[in-house]
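Read off the chains here:
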Amino acid sequence: MNLPRRKFDTLIIGAGGGGLRAALQLSQADARVAVVSKVFPTRSHTVAAQGGVNAALANVLPDNWHWHMFDTVKGSDYLGDQDAIEYMCRAAPQAVYELEHFGVPFSRQQDGRIYQRRFGGQSRDFGGEQAARTCAAADRTGHAILHTLYQQNLRAKTHFFDEFFAIDLVRDREGYILGAFVMEIATGEVMIIEAKTTLIATGGVGQLFRTNTNALINTGDGMAMALRAGIPLQDMEFVQFHPTGIAGKGMLISEGARGEGGFLVNCEGERFMERYAPQAKDLASRDVVSRAIATEIRGGRGCGPGKDHVLLRLDHLDSDMIRKRLPAIRDMVLTFLHLDLCDTPAPVAPTVHYTMGGIPTNRFGQVVVPENQGPEETMPGLYAAGECACVSVHGGNRLGGNSLLDILVFGRAAANHIIGYLAENRYHRPMSDEEAEKSMARLARWDKRGEGESIDGLRTELGNVMEDYCGVFRTEEILKEGISRVEELVRRMDDATLKDHSRIFNTARVEAMELENLMDVALATVISAYSRKESRGAHSRMDYPDRDDLHWLRHSLYFREDRSIDYKPVRTKPLSVDAFPPKARTY
Ligand SMILES: Cc1cc2nc3c(=O)[nH]c(=O)nc-3n(C[C@H](O)[C@H](O)[C@H](O)COP(=O)(O)OP(=O)(O)OC[C@H]3O[C@@H](n4cnc5c(N)ncnc54)[C@H](O)[C@@H]3O)c2cc1C
């Protein structure tokens, strides 16, 4: 079969903030760029980001990038790579000013400068008083950023393939990635996009868990494509639980709500965070607050008939301030819970929110792989940026406001590296028909109909298993059971078919392939969690309650082929300043 082919300098898979920031940089440099997205670009999950983006602008309180760097290293529980963290924190003010000039309508102070709110894990002077570092456009920051970047890309003539599903990377015998095999969702037509460079920017994998704050499309497709191409996934055991998802439903109430003065109480009305984090209280790091809530609930001090949540109070704050700074959150709580945050507390519980792990990269966005157990090598022409990547600036726990920053800084950095690569590699590498057609099999499998296992049913079961066996608190026994349950689901996936209706919609085929991706990433997550025998950041092992820097200050790498785990050192050396050595982490 002769597949239709299109040729570009760069293929970007994903039109969230990471993909669009990279695309803009490339299009402005006159590269021919194709952006493929399975949803219309402005529906990417970046649009849902509420709270804001971190940069040490010092508009509200004194600040500098070095303090931001300290907070990020500490927040990561010392697992973050300090060269990448320094690079990101130094680049942050420029990233925000660029957005301002692109047209992002940031909230302002009286004096006209960009407003900055207080967020968790932020400090002045290396662990001192609370800082205010998060630049916000009310509580719709991601919306403002994504729409602005999309419009700038239209102006720069980026080529969009909207509602195209990327099925797999195309790889030649020598291991070079030559582009991807994609399907137009509306028509089912397939084609190959050939590219000299490919950037994976497919976002996170929150849909692995039953309750999460993510969009339905966050199914880890890019991570799974990387796994199938022989690339390991790094630090997948680190899954962020956001302390304040709406209980039982999962929608997010931004940390901005606590940043503006909100706080948590248990069934006794006690402001319990004072016990867990005497200094930072409700604005301690997310892993710390989520564990505190889970501990209150386990200790019988949860609220409601099921005692399964705590309450977030904002009713003591000025209601005009809430309407101005948190309008979308107030609306959302009104719509879904029929409660007005101005006078009634909201039920909240820890909810899966963010994937710290992902495709291993360096600070230029290049994908790095271990070479025969030897030193790391970059994969020429292959890049990853955003939540699907692990660069690693978030280590064991991401700070709020640092992900929007990550996608902007590393989207741009990857694009700049690609521009250099394209200058030296002017021709496409040849792609044989055989290589192009390999990924057809993946799609063809879903032409099969029958009364086998249902995709919906398996997806629900997977979410339940991950939540029950890979949650906030973990033990060897629970994780072992988790692995065997996920393995069982993977086996049952072999018998899955699309239902035997008169016609099969392409969306059903997409959902089936998304589930295959979720299964691969689920295995990576539970097996990595089982293997790390310490507690660090968001990975909390009740059987190994302490952090163990001697044995475990290292990144994990999961390989799909034999479901094995390997480890590599943390890059503890920053670029220009002294390293921050591991210390006990208190807030
Ligand atoms: C509710 C919520 C609130 C948040 N608030 C904040 C915040 O205030 N501050 C902060 O710093 N961070 C926040 N985050 C985190 C942050 O928004 C995300 O980590 C970040 O936006 C991810 O951007 P991205 O570009 O990597 O991916 P995304 O924005 O998730 O985009 C992924 C893209 O990949 C495409 N894609 C995926 N798979 C395929 C495929 N197979 N084929 C084709 N296209 C594909 C999708 O269509 C989409 O365009 C929040 C996250 C959530 C869920």
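Residues numbered from 1 in each chain as written. Predicted model: local features only at pLDDT ≥ 70, side-chain atom pairs only at ≥ 80, totals over all residues. Heavy atoms only, no water.

K.L.:
Mind laying out the site of the ligand, listing which residues take part and the relevant values?
P.N.:
The full set close to the ligand counts 39 residues, and Ser 44, His 45, Thr 46, Glu 387 and Ser 403 are the nearest of them. Computed on the free molecule, the ligand has an accessible area of 1,000 Å², of which 98% lies beneath the protein chains in the complex. Those elements that provide at least two residues to the shell around the ligand are helix H1 (17-28), strand S2 (33-37), strand S7 (164-171), helix H5 (221-228), strand S14 (346-355) and helix H11 (402-424). Of all the elements, H11 adds the most residues to the shell around the ligand, at four residues. Residues belonging to the shell around the ligand are distributed by class as follows: 14 nonpolar, 21 polar and four charged. (Near = heavy atom within 4 Å. Areas by Shrake-Rupley, 256 points an atom, 1.4 Å probe, with all protein chains shown as cover. Helix = DSSP H or I, 4+ residues; strand = E, 2+ residues; numbered from the N terminus. Nonpolar A, V, L, I, M, F, W, Y, C, P; charged D, E, K, R; others polar.)

K.L.:
A description of the sheet that holds strand S22 (residues 564-569) should follow, citing residues and the corresponding values.
P.N.:
Strand order in the open sheet formed by three strands is S10-S21-S22, and the pairing between neighbours is antiparallel. The sheet terminates laterally at strand S10 (233-234) and S22, the two strands that pair on one side only. Sheet strands in contact with helix H16 (residues 506-531) are S10, strand S21 (554-559) and S22, and its direction is about 135° off that of S21. (Pairing = 2+ DSSP bridges. Contact = heavy atoms within 4.5 Å. Axes fitted to C-alpha atoms, helices over the stretch in contact; angles between N-to-C directions.)

K.L.:
Could you give me a rundown of the packing of aromatic side chains, with the residues and numbers involved?
P.N.:
Overall, the coordinates contain eleven aromatic pairs when judged by the stated rule. Arranged with centres 5.3 Å apart and planes meeting at 80°, the rings of Trp 552 and Tyr 567 form a pair that is edge-to-face. You can see Trp 552 sitting in helix H17 (residues 549-552) and its partner Tyr 567 sitting in strand S22, a full 15 residues away along the chain. An aromatic cluster is present here, built from Phe 8, Phe 161 and Phe 164 joined pairwise through their rings. The ring of Trp 446 has Arg 445 lying over it, and the distance from NZ or CZ to the ring centre is 3.9 Å. In this arrangement the basic side chain of Arg 554 is found over the ring face of Trp 552, its NZ or CZ atom lying 4.8 Å from the centre. (Phe/Tyr/Trp six-rings, centres within 6.5 Å; stacked < 30°, edge-to-face > 60°. Lys NZ or Arg CZ within 6 Å of the ring centre and 35° of its normal.)

K.L.:
Any details on the nonpolar core? Residues and values, ideally.
P.N.:
Core analysis: the biggest nonpolar cluster contains 85 residues, and Ile 193, Leu 208, Ile 231, Ile 359, Leu 462, Met 466 and Val 486 have the highest contact counts within it. Among the elements that make up this core, the one with the highest residue count is H16 (13 residues). Beyond its immediate sequence surroundings of up to four residues, Val 486 is in contact with Leu 462, Val 465, Met 466, Ala 522, Leu 523 and Val 526. If you look at the next biggest cluster of nonpolar residues, it comprises 57 residues, including Leu 57, Met 88, Leu 99 and Tyr 150. (Core = buried A, V, L, I, M, F, W, Y, C linked by side-chain atoms within 4.5 Å. Buried < 20%, exposed > 50% of the residue type's maximum accessible area, 1.4 Å probe, protein only.)

K.L.:
Got a sec to walk through helix H15 (residues 476-493)? Specific residues and values, please.
P.N.:
In this model, H15 (18 residues) spans 26 Å end to end at C-alpha, consistent with the 26 Å of a helix rising 1.5 Å per residue. Against helix H14 (455-469), strand S19 (473-474), H16 and strand S20 (540-541) lie the buried residues of H15. (Expected span 1.5 Å × (residues − 1).)

K.L.:
Which residues make up the pairing of S14, and what are the values?
P.N.:
Counted residue by residue, S14 has nine buried out of ten residues, so it is predominantly covered. Here six bridges tie strand S11 (residues 239-246) to S14, and the two strands are oriented antiparallel to one another. When the bridges of S14 are listed, Ile 246 appears paired with Val 348. Of the strand pairs in this sheet, strand S13 (residues 310-313) and S14 are connected by three bridges, and their pairing is antiparallel. Bridge pairing in S14 links Leu 311 to Pro 347.

K.L.:
Please give an account of empty space enclosed by the protein that cites residues and values.
P.N.:
The tally for this structure, following the rule as stated, stands at five cavities of 30 Å³ or more. What lines the largest cavity is Gln 240, Phe 241, Arg 286, Asp 287, Ser 290, Arg 291, Asn 397, Val 472, Ala 538 and Ser 540. Those elements that place two or more of their residues in the lining of the largest cavity are S11 and helix H8 (286-298). The biggest single contributor to the lining of the largest cavity is H8, with four residues. A breakdown of the residues in the lining of the largest cavity according to their chemical character gives three nonpolar, four polar and three charged. Counting contributing residues per domain, the lining of the largest cavity is built from domain 1 (247-349) and domain 2 (435-547), each supplying no fewer than three. Reported here for the second largest cavity is a volume of approximately 50 Å³. Contributing to the lining of the second largest cavity are Val 205, Gly 206, Leu 208, Phe 209, Val 239, Val 352, Tyr 354, Thr 355 and Thr 525. (1 Å grid on protein atoms, 1.4 Å probe; cavity = no way out; pocket = protein on both sides within 12 Å on 5 of 7 lines; lining within 4 Å. Points joined across faces, edges and corners; volume = space filled by probe spheres on them. Domains from an automatic or database assignment.)

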